[in-house]
Amino acid sequence: MDALFRTVQGLHAWLLPWRCLLCGDAGGDGLDLCAACAAELPRNTSCCARCALPLPGAVALCGACQRKPPPWQAAWAPFRYGWPLDRLEARYKFGRDLAAGRTLSELWRRAAPAVALPALILPVPLHRARLRQRGYNQALELARPLGRALEIPVRHDLLLRARATAAQTELDAAARRRNVRGAFAVCKGAALPSHVALLDDVMTTGATLAECARMLKREGVARVDVWALARAPSPRHRPS
């Protein structure tokens, strides 16, 4: 598989040279990013192990998780949601820039998992109306290559969005929780393993992932982890 991947990379570089999506310079290392822009990507190396919140130092439980533990066991988010990754994410999610999506997918594929591997990956679903509007589920498209790399099956037909919800972007934390309450369902008769990972592109307050995790726990899943490409920092920890 590695030999095939290197061959495909070589053919791509010969036929269509890598080009940095951020500054336009030549890309490198099999990415549409130059070395300088790739070096600016905000890695989430110091964070809470339970919710992946970026912090000045790594801890097992941040203050928020100590006060109210989330309904999942562990979190993995290899990047912080900040410049320039946020620009690539916006282009992929809202601009239908598939090159940006491919780059984000490859960046995640190269990150080493920071948690125990689950038996199944479940991408957070879109409602069918939002799926028709956008044309693809960004979480599913990120999950597929990651699942192949880690040899973990990905299923998009077991967790469903039972009702349409307003976009979370402009809502505060409390409104986000209300917005997604009861919005998800597990497919009737679904056989779920004891350990699954919920996967989304960006984790902000964690309201959507928490609602999905609670639903899976009610269906008998013993351990739920949450995976996101990027974790948004708390306002208190954002640099000025």
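Let us look at the structure shown here.

About the criteria used
- Residues numbered from 1 in each chain as written.
- Predicted model: local features only at pLDDT ≥ 70, side-chain atom pairs only at ≥ 80, totals over all residues.
- Heavy atoms only, no water.
- Helix = DSSP H or I, 4+ residues; strand = E, 2+ residues; numbered from the N terminus.
- Buried < 20%, exposed > 50% of the residue type's maximum accessible area, 1.4 Å probe, protein only.
- Contact = heavy atoms within 4.5 Å.
- Areas by Shrake-Rupley, 256 points an atom, 1.4 Å probe, with all protein chains shown as cover.
- Salt bridge = Lys/Arg side-chain N within 4 Å of Asp/Glu carboxyl O.
- Pairing = 2+ DSSP bridges.
- Polar contact = N/O pair within 3.5 Å; in protein donor to acceptor, adjacent residues only side chain to side chain.
- Phe/Tyr/Trp six-rings, centres within 6.5 Å; stacked < 30°, edge-to-face > 60°.
- Arc of directions from axis to C-beta.
- Axes fitted to C-alpha atoms, helices over the stretch in contact; angles between N-to-C directions.
- Left-handed = near helix turned anticlockwise from the far one by under 90°.
- Nonpolar A, V, L, I, M, F, W, Y, C, P; charged D, E, K, R; others polar.
- Expected span 1.5 Å × (residues − 1).

1. Topic: the overall build of the protein chain
From N to C terminus, the protein chain includes nine helices and seven strands. Evaluated residue by residue, the protein chain yields a buried proportion of 48% over its 240 residues. When contacts within the protein chain are restricted to residue pairs at least 6 apart in sequence, those whose partners lie at least 24 apart make up 70%. Accessible surface, the protein chain: about 12400 Å² in total, of which carbon and sulfur atoms supply 55%.

2. Quick word on the pattern of salt bridges
Counting across every chain of the model gives 10 salt bridges. Among the ionic pairs, Asp97 bridges to Arg91, the shortest N-O distance being 2.8 Å. Salt-bridge contacts for Asp225 lead to Arg223; the nearest nitrogen and oxygen are separated by 3.0 Å. On the accessibility criterion, Asp225 (0% relative accessible area) is buried. Each of Asp29, Glu106, Arg109 and Arg110 takes part in one network of salt bridges that share partners.

3. Quick notes on the pairing of strand β6 (residues 195-203)
With nine of nine residues buried, β6 is to be regarded as a mostly interior element. Sheet topology places strand β3 (residues 120-123) next to β6; four bridges connect them, and they run parallel. Note on β6: the bridge partner recorded for Ile121 is Ala197. Inspection of the sheet shows β6 paired to strand β7 (residues 223-231) by eight bridges, in the parallel sense. Directly across from Leu198, in β7, lies its bridge partner Val226.

4. Side note on the side chain of Asp32
Structurally, the position occupied by Asp32 is in the loop between α1 (2-15) and α2 (35-39). A polar atom in the side chain of Asp32 sits 3.0 Å from the backbone nitrogen of Arg19.

5. Topic: the packing of aromatic side chains
Throughout the structure, instances matching the rule amount to three aromatic pairs. Seen in terms of ring centroids, Trp76 and Trp108 are 6.0 Å apart; in terms of plane orientation they differ by 65 degrees. Their pairing is edge-to-face. Of this pair, Trp76 sits in strand β1 (residues 75-76) while Trp108 is found in helix α5 (residues 98-110), placing the two residues 32 residues apart along the sequence. One exposure class covers both Trp76 and Trp108, and it is buried. Centre to centre, the rings of Tyr92 and Tyr136 are 5.6 Å apart; their planes meet at 25 degrees, and the pair counts as stacked. Here Tyr92 is found in helix α4 (residues 85-93), whereas its partner Tyr136 is found in the loop between α6 (128-134) and α7 (138-150), with 44 residues between them in sequence.

6. Some thoughts on α4
Those residues of α4 not exposed but buried are Leu85, Leu88, Glu89, Tyr92 and Lys93. Each buried residue of α4 lies within a common arc of 120 degrees when the element is viewed along its axis, so the set occupies one face.

7. Description of the packing of α5 against α7
Here α5 crosses α7 at 35 degrees, and the two axes come no closer than 9 Å. The hand of the α5/α7 crossing is right-handed. Each of Gly101, Leu104, Ser105, Trp108 and Arg109 in α5 lies in contact with α7, whose residues at this interface are Glu141, Leu142, Pro145, Leu146 and Ala149. Classifying every residue of the contact of α5 with α7 gives six nonpolar, two polar and two charged.

8. Considering helix α9 (residues 207-218)
If you check α9, its first and last C-alpha atoms are 17 Å apart, about what 12 residues at 1.5 Å a residue would give, namely 16 Å. Burial of α9 is extensive: nine of the 12 residues sit out of reach of the surface. When α9 is considered as a whole, its buried residues turn out to be Ala207, Thr208, Leu209, Ala210, Glu211, Cys212, Ala213, Met215 and Leu216. Remark: Gly220 follows α9 within two positions and exhibits a positive phi of approximately 100 degrees.

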